[in-house]
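Structural features, examined
Take a look at the letters that make up each chain.
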Amino acid sequence: MTDTEQQPLGSPFSAASTAQDVIAGLDLSGRNAVVTGGYSGLGLETTRALVGAGARVVVPARRPDAARAALAGVGGDVEVVPMDLCDLGTVRAAAAHLRASLTALDLLFATAGVMATPERRVGPGWEGQLAANHFGHFTLACELYPLLAAADGARVVAYSSAGHGITDIRWHDPHFRTGYDKWHAYGQSKTANALFAVHLDALGREDGVRAFSLHPGKIITALQRDMTLQEQMDNGWVDEHGNVIGEDFKTASQGAATGLWAATSPLLADRGGVYLEDCEIAPVTGPEDEAGVRAYAVAPDAAARLWDLSVAATGVGPVGG
């Protein structure tokens, strides 16, 4: 992929579009979808929209009881499977369950995530945000790849963020052994999400598996749970009562729209590996811009390098032909 592929397509949707707008008129009967984090925030809106269009949805959840309670009113065909993105044993177990119960997987949404957390070490000492946001989803996608390849045109949707603009992959110290910075750790994990989509798409396109990354927009959800009220006030996100302020924030349904567009739009049928925002392919932009994607987050060489690093870390098998 080259930067020139990051060109708008003329999507009929926009920043104001909702999940319901994007999914209107679509029949996803017979389709299988997996939505990590599919029981809160953007994930819940995604699950609700997919079920409404007739899809069967599996929601891997670190807190399965809480997930089932949150999904109780959604209706449709929804299954909750226990899984913790920071515990690769549970990721592999969830994937094994799905391989045993499904013949194909049409849509995989890597929606769950953490942001600006206190320093946490998981697994063999991995930095927690990179583990939860990237290694966990990387392992899940690789373990589910046979199901994706068995579908007729599967799509993988990785939730990145404008936060990727904070930093490229810290190749010299990806696990912050030399000093932790919660925002740089978050930014690195979001760059990893975008690079993951680039290389998965390159590996999977011969099998009809296409991958996309995206910035959902600015939304206040449970993602901010590790931030104090004062931090959110200092960022200009909320007032002293926790109410959202500012006109550039989206609703959860608007935040879910770009992911659903990535998963279903016929405009993207022959595309992949691109970074999206506001239901459109985003342009490559510089460090002074809030919108768009940095060139380093869609660079094929960096994507291949991160893939190799991730394989070495997680021990997953080969993907693609």
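That block above? That's the structure.
**Some points on the overall build of the protein chain**
- Assigned secondary structure in the protein chain consists of ten helices and ten strands.
- Each of the 321 residues in the protein chain was classed as buried or not, and the buried ones make up 55%.
- Taking the intrachain contacts of the protein chain between residues at least 6 apart in sequence as the baseline, contacts between residues at least 24 apart amount to 72%.

**Here we look at the nonpolar core**
- Counting 53 residues, the largest nonpolar core has Leu-105, Leu-108, Leu-144, Leu-148, Val-156, Phe-196 and Leu-200 as the members making the most contacts within it.
- At the level of secondary structure, the elements contributing two or more residues to this core comprise α4 (88–101), α5 (128–143), α6 (145–150), β7 (155–159), α7 (182–204) and α10 (300–314).
- The contacts of Leu-108, once residues within four sequence positions are left out, are Val-34, Leu-140, Ala-141, Leu-144, Leu-148, Arg-155, Val-156 and Val-157.
- One finds Ala-49, Phe-109, Leu-214 and Ala-263 within the second-largest nonpolar core, a separate group that totals 39 residues.

**Describing the packing of helix α2 (residues 41–52) against helix α9 (residues 252–264)**
- Running from N to C, α2 and α9 cross one another at 65 degrees; their axes reach a closest spacing of 8 Å. The angle between α2 and α9 falls in the class roughly perpendicular. Where α2 crosses over α9, the handedness of that crossing is right-handed. Contacts between α2 and α9 involve Gly-41, Leu-42, Glu-45, Thr-46, Ala-49 and Leu-50 on the former and, on the latter, Ala-252, Ser-253, Gly-255, Ala-256 and Leu-260.
- Along the lines of polarity and charge, the residues of the contact of α2 with α9 split into six nonpolar, four polar and one charged.

**What to know about unusual backbone geometry**
- Look at Ala-116: it is not a glycine, yet its phi comes out positive at around 50 degrees.
- Along the polypeptide, Ala-116 turns up in the loop between β4 (107–110) and β5 (121–122).

**Overview of the packing of aromatic side chains**
- Inspection of the entire model under this criterion finds six aromatic pairs.
- Between Phe-176 and Tyr-180 the ring centres are 5.9 Å apart and the planes differ by 75 degrees, which places this aromatic pair in the edge-to-face class.
- Since its relative accessible area comes to 1%, Phe-176 is described here as buried.
- Ring pairing ties together the aromatic residues Phe-138, Phe-196 and Trp-307, which thus form one cluster.

**Digging into the pattern of salt bridges**
- Counted according to the given criterion, the structure contains eleven salt bridges.
- Measuring nitrogen to oxygen at the nearest pair gives 3.2 Å for the salt bridge that ties Glu-45 to Arg-48. Of this pair, Glu-45 and Arg-48 both sit in helix α2, separated by three residues, roughly a single helical turn.
- Overall, the relative accessible area of 37% leaves Arg-48 in the partly exposed class.
- In this structure, Arg-92 engages Glu-143 in a salt bridge whose closest nitrogen and oxygen atoms are separated by 3.3 Å. In this pair, Arg-92 is assigned in helix α4 and Glu-143 in helix α5, connecting sequence segments 51 residues apart.
- One network of salt bridges, in which partners are shared, links Arg-56, Asp-77 and Glu-79.

**Details of the side chain of Ser-213**
- One can find Ser-213 in strand β8 (residues 210–215).
- Excluding residues within four positions of it along the chain, Ser-213 makes contact with Ala-158, Ser-160, Asn-193, Ala-194, Ala-197, Val-274, Tyr-275 and Leu-276.

**Side note on the pairing of β8**
- The buried fraction of β8 amounts to six of the six residues, a majority that puts the element mostly inside the structure.
- By the alternation rule, side chains of β8 split into Arg-210, Phe-212 and Leu-214 and Ala-211, Ser-213 and His-215, which are all buried.
- The sheet contact formed by β7 and β8 spans five bridges and is parallel. Following the sheet pairing, Ala-158 is matched in β8 by Ser-213.
- Here three bridges tie β8 to strand β9 (residues 275–277), and the two strands are oriented parallel to one another. Its bridge partner lying in β9, Ser-213 is registered against Tyr-275.

**Overview of the side chain of Ser-17**
- Note on placement: Ser-17 falls in the segment before α1 (19–23).
- Overall, the relative accessible area of 6% leaves Ser-17 in the buried class.
- Among the polar contacts listed, one links the side chain of Ser-17 to the backbone nitrogen of Ser-14, at a separation of 2.9 Å.
- Apart from residues no more than four positions distant in its own chain, Ser-17 is found in contact with Ser-253, Gln-254, Ala-257 and Cys-279.

**Things to note about α2**
- Along its twelve residues, α2 runs 17 Å from first to last C-alpha, staying within 8% of the 16 Å computed at 1.5 Å per residue.
- Of all twelve residues that make up α2, nine are buried, and the element is covered over most of its length.
- Here α2 has its buried residues at Leu-42, Gly-43, Leu-44, Glu-45, Thr-46, Thr-47, Ala-49, Leu-50 and Val-51.
- Looking at the residues trailing α2, positive phi occurs at Gly-54, about 100 degrees.

Calculation criteria
Residues numbered from 1 in each chain as written. Predicted model: local features only at pLDDT ≥ 70, side-chain atom pairs only at ≥ 80, totals over all residues. Heavy atoms only, no water. Helix = DSSP H or I, 4+ residues; strand = E, 2+ residues; numbered from the N terminus. Buried < 20%, exposed > 50% of the residue type's maximum accessible area, 1.4 Å probe, protein only. Contact = heavy atoms within 4.5 Å. Core = buried A, V, L, I, M, F, W, Y, C linked by side-chain atoms within 4.5 Å. Axes fitted to C-alpha atoms, helices over the stretch in contact; angles between N-to-C directions. Parallel < 35°, antiparallel > 145°, perpendicular 65-115°, else oblique. Left-handed = near helix turned anticlockwise from the far one by under 90°. Nonpolar A, V, L, I, M, F, W, Y, C, P; charged D, E, K, R; others polar. Phe/Tyr/Trp six-rings, centres within 6.5 Å; stacked < 30°, edge-to-face > 60°. Salt bridge = Lys/Arg side-chain N within 4 Å of Asp/Glu carboxyl O. Pairing = 2+ DSSP bridges. Polar contact = N/O pair within 3.5 Å; in protein donor to acceptor, adjacent residues only side chain to side chain. Expected span 1.5 Å × (residues − 1).

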